[in-house]
Amino acid sequence: FIAQEKAEILERHLKGAGGKEISREHADLVDEIICRSYRAALQAHAKGRRDGGDPPLILVALGGYGRGELNLHSDVDILFVYSPGITPLMEEVIGEMLRFLWDAGLPVSHSCRSLDNDLHRAELDLISCTSLMESRYLIGEKRVFDGFVRFLREDLFEGGWKTFVRQKIRERDLRYAQYEKSANLLEPNIKEGPGGLRDFHTAVWLVRAQFQLDSSHRIWDHGFARAREKEDVLEAYDFLLRVRNEMHYACGKKNDILALQLQERISEGFGRGGSESLRGVEQFMKDYYLRANAIRSFSGR
């Protein structure tokens, strides 16, 4: 099933589907695999138990997976949230699920937290807070999810957003220092470099934190971009996602460095190869730099 679905997604990518569309389809596929495995593990381990009913446990997608944007070989970050404490049934279900997902070849990273004891902003580092900002419900007990939503709204967003903003800007500055503060590098990092995907994400995180928004789509309601600029930035972001998809397919693994020896192959995936391949690479990189600088300008402002 997984192989067939991935083959169909690849076919749509080769036909020119946008970066956001393909990364969304990868996320949808992983959603289905995770939810099926949770139901199967729960059914297998809950048989014969006296307590009955579903355990107070939920699964939450985090980070890029939480955004519903998953490149082919990107990490699948999930969080198990339980209340008040973990039970033997939960441990069995979580263990069974993870073994299956790893055997199925999914690059799953997981964490477990108690809604009552472990989710307090003061105890979370910057990476954890940022991941939680992109969280998305997958499956599990709705009552626990309602409590998780309250935590996000009251503790994560309302408490200390100014500190979060300062930390994210400092993090951005340190990241820029590694890449000569330029989006026009010969071998750009399309995720972490200036003008890369992370610049767009950072802009979204800052606006969401300041205005306590529950959705990334609502950042445009606050006048940060004119209609034309919004269109250009979103098109540039989609282009970078498609480049990253192409790189993952070409390399057969996660890769964010658009190295010289890779550029010709990637440009061919964008229809810029052929007999004049050198000129095609030059045109492709020109397109990349234009879009990367549009994202950097928007994010910087």
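Attention in this report is confined to the structure presented alongside it. For clarity, every value in this text was computed on a predicted model and none was experimentally measured. Throughout this description, residue numbers start from 1 for each chain and increase along the sequence as written. Reporting of local features is limited, given that this is a predicted model, to residues whose pLDDT is at least 70; pairs of side-chain atoms are given and counted only at 80 or more, and all residues count toward the totals for whole chains, interfaces and linings. Heavy atoms throughout the structure, all of them, feed into the side-chain values; hydrogens and water do not.

**Some thoughts on helix H8 (residues 197-211)**
This is how the line gets drawn: Strands here mean DSSP runs of E at least two residues long; helices mean DSSP runs of H or I at least four residues long; both are numbered from the N terminus. Each helix should span, by expectation, one fewer than its residue count multiplied by 1.5 Å. Summary of the burial criterion: residues with accessible area below 20% of their type's maximum are buried, those above 50% are exposed, and those between are partly exposed, where the area comes from a 1.4 Å probe applied to protein chains only.
Taking 1.5 Å as the rise per residue, H8 with 15 residues should run 21 Å; its terminal C-alpha atoms sit 22 Å apart, in good agreement. Of all 15 residues that make up H8, 13 are buried, and the element is covered over most of its length.

**Quick word on the packing of helix H9 (residues 227-251) against helix H10 (residues 260-269)**
The condition is simple: Fitted lines through C-alpha atoms give the axes, limited to the stretch in contact for helices. The angle between two N-to-C directions lies from 0 to 180 degrees. Take the far helix as the reference: if the near one is turned anticlockwise from it by less than a right angle, the crossing is left-handed, and if turned clockwise, right-handed. The contact rule is simple, with two residues in contact once any of their heavy atoms fall within 4.5 Å. Gly is put with the polar residues, along with every residue not named as nonpolar or charged; the nonpolar set is Ala, Val, Leu, Ile, Met, Phe, Trp, Tyr, Cys and Pro, and the charged set is Asp, Glu, Lys and Arg.
One can describe the packing of H9 onto H10 by two numbers: an axis separation of 10 Å at closest approach and a directional angle of 115°. Where H9 crosses over H10, the two elements pack in a sense that is right-handed. Two secondary-structure elements touch here, H9 through Arg-242, Val-243, Glu-246, Met-247, Ala-250 and Cys-251 and H10 through Leu-262, Arg-265, Ile-266 and Gly-269. A class-by-class count of the residues in the contact of H9 with H10 yields six nonpolar, one polar and three charged.

**Quick notes on the packing of aromatic side chains**
Each aromatic ring pair is summarised here by two numbers: the centre-to-centre distance and the angle between the ring planes. The criterion, for reference: When the centres of two rings from Phe, Tyr and Trp lie within 6.5 Å, Trp using its six-membered ring, the rings pair. Their planes under 30 degrees apart give stacked, over 60 give edge-to-face, and anything left gives tilted. Each ring is checked for a lysine NZ or an arginine CZ that lies within 6 Å of its centre and within 35 degrees of its normal; such an atom marks a charge sitting over the ring.
Here the structure, examined in full by the defined rule, presents eight aromatic pairs. Look at Phe-200 and Tyr-237: their rings are 4.3 Å apart centre to centre, the planes differ by 25°, and that puts the pair in the stacked class. Taken as a pair, Phe-200 in helix H8 and Tyr-237 in helix H9 lie far apart in primary sequence, 37 residues in all. The exposure class of Tyr-237 is buried, given its relative accessible area of 3%. One aromatic cluster is present, formed by Phe-200, Trp-220, Tyr-237 and Phe-298 through successive ring pairs. Sitting over the ring of Tyr-176, Arg-172 keeps its end group 5.2 Å from the ring centre. Cation over ring: Arg-291 sits above Phe-239, and NZ or CZ is 4.3 Å from the ring centre.

**Some details on the environment of Phe-224**
Mapped onto the elements, Phe-224 comes out in the loop between H8 and H9. With relative accessibility at 34%, the residue Phe-224 sits in the partly exposed group. Phe-224 sits 201 residues away from Ser-23 along the chain, and the two C-alpha atoms are 26 Å apart. Setting aside residues up to four positions removed in sequence, Phe-224 forms contacts with Val-207, Phe-211, Ile-219, Glu-229, Phe-298 and Arg-301.

**Examining the nonpolar core**
Test applied: The nonpolar core is taken to be a set of buried Ala, Val, Leu, Ile, Met, Phe, Trp, Tyr and Cys residues, with the residues joined through side-chain atoms within 4.5 Å.
In this structure, Ile-34, Tyr-65 and Ile-78 are the most contacted members of the largest nonpolar core, which totals 35 residues. Of all elements in the fold, only helix H1 (2-14), helix H2 (19-46), strand S1 (57-61), strand S2 (76-82), helix H4 (88-103) and strand S4 (136-140) reach the threshold of two or more residues within this core. Counting residues per element, this core draws most heavily on H2, which supplies 10 residues. Filtering out sequence-adjacent residues up to four positions away, Ile-78 remains in contact with Ile-34, Val-60, Leu-62, Tyr-65, Leu-98, Val-108, Ser-109, His-110, Ser-111 and Leu-138. Listed in part, the 32 residues of the second largest apolar core include Trp-220, Leu-240, Tyr-288 and Phe-298.

**Observations regarding H9**
End to end, H9 covers 36 Å across 25 residues, agreeing with the expected 36 Å (1.5 Å per residue, within 8%). Within two residues after H9, Gly-252 carries a phi angle of roughly 70°, on the positive side.

**Here's the deal with the pattern of salt bridges**
Under the convention used in this document: Here, a salt bridge means any side-chain nitrogen of Lys or Arg that lies within 4 Å of a carboxyl oxygen of Asp or Glu.
What the rule picks out here adds up to 22 salt bridges. In this structure, the salt-bridge partner of Lys-15 is Glu-11, at a minimum N-O distance of 3.3 Å. Between Glu-229 and Arg-301 there is a salt bridge, with the nearest N and O atoms lying 2.9 Å from each other. Within this pair, whereas Glu-229 is found in helix H9, its partner Arg-301 is found in the segment after helix H11 (277-300), the two being separated by 72 residues in sequence. A relative accessible area of 15% places Glu-229 in the buried class. You can call Arg-301 exposed: its relative accessible area is 58%. Within this structure, Lys-20, Arg-67, Glu-69, Glu-134 and Arg-208 form a network of salt bridges that share partners.

**A look at the pairing of S2**
Applied cut-off: Paired strands are those between which DSSP finds at least two bridges. Orient the strands so they point away from the viewer; a crossover is then right-handed if the path from the first strand over the helix to the second runs clockwise.
The buried fraction of S2 amounts to six of the seven residues, a majority that puts the element mostly inside the structure. Alignment of S1 against S2, held across five bridges, turns out to be antiparallel. Each residue of the ladder has a partner; that of Val-60, found in S2, is Leu-79. In this sheet, strand S3 (residues 108-114) lies alongside S2 in parallel orientation, the contact comprising seven bridges. Directly across from Phe-80, in S3, lies its bridge partner Cys-112. Handedness of the crossover joining S2 and S3 through H4: right-handed.

Geometry only, nothing functional implied.
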